[in-house]
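Observations on the model geometry
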Amino acid sequence: MSDPIKHECGIAFIRLLKPLDYYYEKYGTGLYGINKLYLLMEKQHNRGQDGAGVATIKLHQEPGKKYISRYRSTESSPIQDIFGRINEKFNAAVEKNPDLLKNPEWLKNNVAFTGELLLGHLRYGTFGGNSISHCHPFLRQSNWKTRNLMLAGNFNLTNVDE
């Protein structure tokens, strides 16, 4: 890396190598990945003044089940906005039976943002407007599971029409 580090976008990526059950047994929660992603993004808080985004991918999902989840925000506190909405999903899912939080396999199959691949992006705008369409991760979805793309980076896309 030859370029000096400046104030630019922040990126956090987590790949959980073990099943969610392992993290529940070792750390007492099946939400280990999303909790760590929050901490990583908060550490880079100064790099996300213009927006933030979070996306997760669930590996080995049954065909027909949703396996990609994404939220983006341009609120004044985008990290808190995103993780507040994610927490609402968890709270709504276990509202009738709080013991379901102790079942990582159920969480993975029934609640968004409980995947093994987690990507967070903090936008430090250097180009373009300040709208939700400028926040990463970008998502290109296809009906073919192997032809989906989730992308976040510290760059400007140029010549996209070409």
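Here, the structure is the one placed above.
Now for a description of the structure that goes with this document. (Residues numbered from 1 in each chain as written. Predicted model: local features only at pLDDT ≥ 70, side-chain atom pairs only at ≥ 80, totals over all residues. Heavy atoms only, no water.)

1. Comments concerning the overall build of the protein chain
Helix and strand counts for the protein chain stand at 4 helices and 6 strands. A separation of at least 24 residues holds for 67% of the contacts in the protein chain among residues at least 6 apart in sequence. Within the structure as shown, the protein chain displays about 10,100 Å² of accessible surface, and the carbon and sulfur contribution to it stands at 49%. (Helix = DSSP H or I, 4+ residues; strand = E, 2+ residues; numbered from the N terminus. Contact = heavy atoms within 4.5 Å. Areas by Shrake-Rupley, 256 points an atom, 1.4 Å probe, with all protein chains shown as cover.)

2. Quick notes on the packing of aromatic side chains
Counted under the stated rule, the structure contains 6 aromatic pairs. Relative to Tyr-27, the ring of Tyr-23 lies with its centre 6.4 Å away and its plane at 15°, an arrangement referred to as stacked. Within this pair, Tyr-23 and its partner Tyr-27 are both found in helix α1 (residues 20-27), separated by 4 residues, close to a single helical turn. Residue classification places Tyr-27 among the partly exposed residues on the basis of a relative accessible area of 43%. (Phe/Tyr/Trp six-rings, centres within 6.5 Å; stacked < 30°, edge-to-face > 60°. Buried < 20%, exposed > 50% of the residue type's maximum accessible area, 1.4 Å probe, protein only.)

3. Here's the deal with unusual backbone geometry
For His-60, which is not glycine, the phi torsion reads 60° and is therefore positive. Here His-60 shows up in the loop between β2 (51-57) and β3 (68-73). Residue His-60 is classed as exposed on the basis of its relative accessible area, which comes to 74%.

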